[in-house]
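Chains, contacts and geometry: an overview
Listed below, chain by chain, are the residues.
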Amino acid sequence: MVVGGSLAGLLAAHVLAAHADRVTVVERDRFPDEPEPRPGVPQSRHIHVLLEGGQSALESLLPGFLHELRAAGAPRVGMPADMVQWQNGCWFRRLPASTYIHTGSRARLEHLVRRRVLANPSITVVQGTEAVGLLGDASRVRGVLLRERGDAADTEPRPVEADLVVDASGRGTKAPRWLTALGARAPREETIDTGLAYATRMYRDTSGILGTGTLGYHVVPGPSQTRGAVVLPLGDGTHLVTFSGLRGDEPPTDEEGFTAYAEKLPHPFVHRWLRASEPLSPVFGFRNTANVRRRYDLPGRSPAGFLATGDALCAFNPIYGQGMAVAAMNAVALRDALADPRRTPTTRRVQRALLSSSRQAWDISAGADKHMPGATGTAVTGGAADRATGWYLRRVQERYPGDPVVGAAFRSVLSLAAPLTVLFTPPVARAVLFGPAAPTPAEPPAAREEPVI
């Protein structure tokens, strides 16, 4: 039984179908027939990207998926070639792309995954129904309690037994409370919250500024300049624009305030484009952006027969664009743990594999957020090792806007396509420790740089 029919739940069900006679996905929403936003995915109207690590994971799980995604019109954006990008007072050189992201609507990508996964006759979905509790005791989970949405709160939920329950219900999971009700221990939670909020609106580029030459804009926030902006194509001639700000400086969700917020950015290039473009939607806001990691992997923290995946296990500040990639990487970790002939796939062993697959994303997201002004939470403070790593990474960040070697390595890490150790290989370490920061453009670069032959 998989609780939650979003990406993490669908991909977990796909993996489990190779090991079970029947897999049931329980989803509180009713799936739309077309790729449309739905209430259970409150971020679906905002910018989503599929990082390279997620692309590889999805292709491994669903061969041919990337071809389907491109055929459906999802743009493929090369980094840094296709973007005008600013960070820490520097413009990025538009060097030949070393990594690619897929942009486009979250609803479209999820629709394609859903169509592929639910074509398996071993997988059934129960829609318009929510899980309200677990069956079992402190030692083992044996099923779930279900209630159709719309039923009165005092309606007796129906019990459904299952050999394995997977919580893929997302950031708002209630599983820790359900486990406590069984007499089990809730997972220890690690949190870092900057109070970041963001707001998004859809536009059409009537000026023709964004097209084949430049596909998007990015103002990257940081401790010294905390406002951010992203402009990315959806693939149908429209663009999503997202502004972000920390607690007390949240971007407004009214039309006039949204446009005015662009004037607060450190350079007017996004505001100029905004004023010349046609707005096509209301402004949508989002506020629940804390990093939260639930340590079900620790001894005694999870009964047998229960796993957590996706945002229910590890939720990231969405500004880093990691959620969809990690959902797919969790599913690959689940597949590999269940198929490992050398080890019995105990609950704790499999849960540790799931958490391990999200560790790099956590190190990036939480590691950056703990240095933001006003960050709060149980995981904000670090030790001497964190300080030493932080010193090195600051030098990496100073060099990656203009240095091809450092830039390619850092982008491969940020895209979850290569491990953090890539940043310490000899060519990168030499440039970081002994080389000066490479020159960067004085103004927003209007064109890509040609490859050096």
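A few points on the structure. Nothing here was measured: the structure is a model prediction, and the numbers come from that model. (Residues numbered from 1 in each chain as written. Predicted model: local features only at pLDDT ≥ 70, side-chain atom pairs only at ≥ 80, totals over all residues. Heavy atoms only, no water.)

1. Some thoughts on unusual backbone geometry
So the rule is basically this: Where helices and strands are cited, they refer to DSSP runs of H or I of at least four residues and of E of at least two residues respectively, numbered from the N terminus. The rule is simple: take the accessible area with a 1.4 Å probe, protein chains only, and divide by the maximum for that residue type; under 20% is buried, over 50% is exposed, in between is partly exposed.
A cis geometry characterises the amide bond from Met-79 onward to Pro-80, with omega recorded as 5°. Positive phi, close to 50°, is recorded for Asn-88, a residue that is not glycine. Its place among the elements puts Asn-88 in the loop between strand 4 (83-87) and strand 5 (90-91). One non-glycine residue, Leu-416, lies in positive phi territory at about 65°. Here Leu-416 shows up in the loop between helix 12 (404-414) and helix 13 (426-433). Given the relative accessible area of 9%, Leu-416 is considered buried.

2. Some remarks on the sheet that holds strand 21 (residues 314-315)
To keep it simple, the criterion reads: A pair of strands is treated as paired once DSSP finds two or more bridges between them. In what follows, residue pairs with any heavy atoms lying within 4.5 Å of each other are defined as contacts. Working convention: axes come from line fits to C-alpha atoms, limited for helices to the stretch in contact. Angles between N-to-C directions cover 0 to 180 degrees.
Pairing within the open sheet is antiparallel, and its 3 strands lie in the order 12-19-21. Where the open sheet ends on each side, the last strands, each with one partner, are strand 12 (188-192) and strand 21. The pairing of strand 19 (residues 291-295) with strand 21 spans 2 bridges and is antiparallel. Among the inter-strand pairings, Val-292 is bridged to a residue of strand 21, identified as Ala-315. Seen against the sheet, helix 10 (residues 359-369) touches strand 12, strand 19 and strand 21 and runs at an angle of roughly 135° to strand 19.

3. A look at helix 9 (residues 347-357)
Filter applied, for reference: Taking the helix axis as origin, the arc is that swept by the directions to the C-beta atoms.
All of the buried residues in helix 9 are Thr-347, Val-350, Gln-351, Leu-354, Leu-355 and Ser-357. Seen along its axis, helix 9 keeps its buried residues to an arc of 160°; they face one direction. Looking at the buried residues of helix 9, the elements they touch are strand 19, strand 20 (306-308), helix 8 (323-339) and helix 10.

4. Some remarks on a positive patch on the surface
Keep this limit in mind: Residues forming no salt bridge and having over 30% relative accessible area are the ones grouped into patches, like charges within 9 Å of each other and nonpolar side chains (Val, Leu, Ile, Met, Phe, Trp, Tyr) within 5 Å. The Shrake-Rupley method, run with a 1.4 Å probe sphere, supplies the accessible areas, and residue values consider only the shown protein chains as cover. We define a salt bridge as a side-chain nitrogen of Lys or Arg found within 4 Å of a carboxyl oxygen belonging to Asp or Glu. For the purpose of counting charges, residues Lys and Arg are taken to be positive, whereas Asp and Glu are taken to be negative. His and the chain ends are not included. One atom stands in for each charge, and that atom is NZ of Lys, CZ of Arg, CG of Asp or CD of Glu.
Together, Arg-343, Arg-348, Arg-349 and Arg-352 make up a region of like positive charge exposed at the surface. By the element assignment, Arg-352 lies in helix 9. Owing to a relative accessible area of 48%, Arg-352 belongs among the partly exposed residues under this scheme.

5. Quick notes on the pattern of salt bridges
A full pass over the atoms with the stated rule returns 23 salt bridges. One salt bridge in this structure joins Arg-399 and Glu-398, with 3.2 Å as the shortest N-O distance. By relative accessible area, Arg-399 is classed as buried at 5%. Classification of Glu-398 by relative accessible area gives partly exposed; the value is 48%.

6. Focus on the packing of helix 1 (residues 7-16) against helix 4 (residues 106-117)
For any two helices packed against each other, the geometry comes down to the angle between their axes and how far apart the axes lie. Using the following cut-off: Should an angle fall under 35 degrees it is called roughly parallel, over 145 degrees roughly antiparallel, and 65 to 115 degrees roughly perpendicular, with every other angle called oblique. Two helices crossing with the near one rotated counterclockwise from the far one by less than a right angle form a left-handed crossing, whereas a clockwise rotation gives a right-handed crossing. When residues are grouped by polarity, Ala, Val, Leu, Ile, Met, Phe, Trp, Tyr, Cys and Pro land in nonpolar, Asp, Glu, Lys and Arg in charged, and all others, Gly among them, in polar.
Helix 4 packs onto helix 1 with a crossing angle of 20° between their chain directions and a minimal axis gap of 10 Å. Considering their axes alone, helix 1 and helix 4 lie roughly parallel with respect to each other. Between helix 1 and helix 4 lies a crossing whose hand is left-handed. Between helix 1 and helix 4, the residues in contact are Leu-7, Leu-10, Leu-11 and His-14 and Arg-106, Leu-109, Glu-110, Val-113, Arg-114 and Val-117, respectively. Residue composition of the contact of helix 1 with helix 4, by class: 6 nonpolar, 1 polar and 3 charged.

7. Thoughts on the pairing of strand 13 (residues 197-204)
In terms of burial, strand 13 is largely enclosed, as 6 of its 8 residues are buried. Pairing geometry for strand 13 and strand 16 (residues 238-245), over 8 bridges, is antiparallel. For Ala-197, the partnering residue across the bridge sits in strand 16 and is Gly-245. Relative to strand 18 (residues 284-286), strand 13 runs antiparallel, the two being bridged by 3 bridges. The residue of strand 18 that forms the bridge with Tyr-198 is Phe-286. For strand 13 and strand 17 (residues 278-279), the ladder comprises 2 bridges, and the chain directions are antiparallel. Opposite Tyr-203, over in strand 17, you have Pro-279 as the bridge partner.

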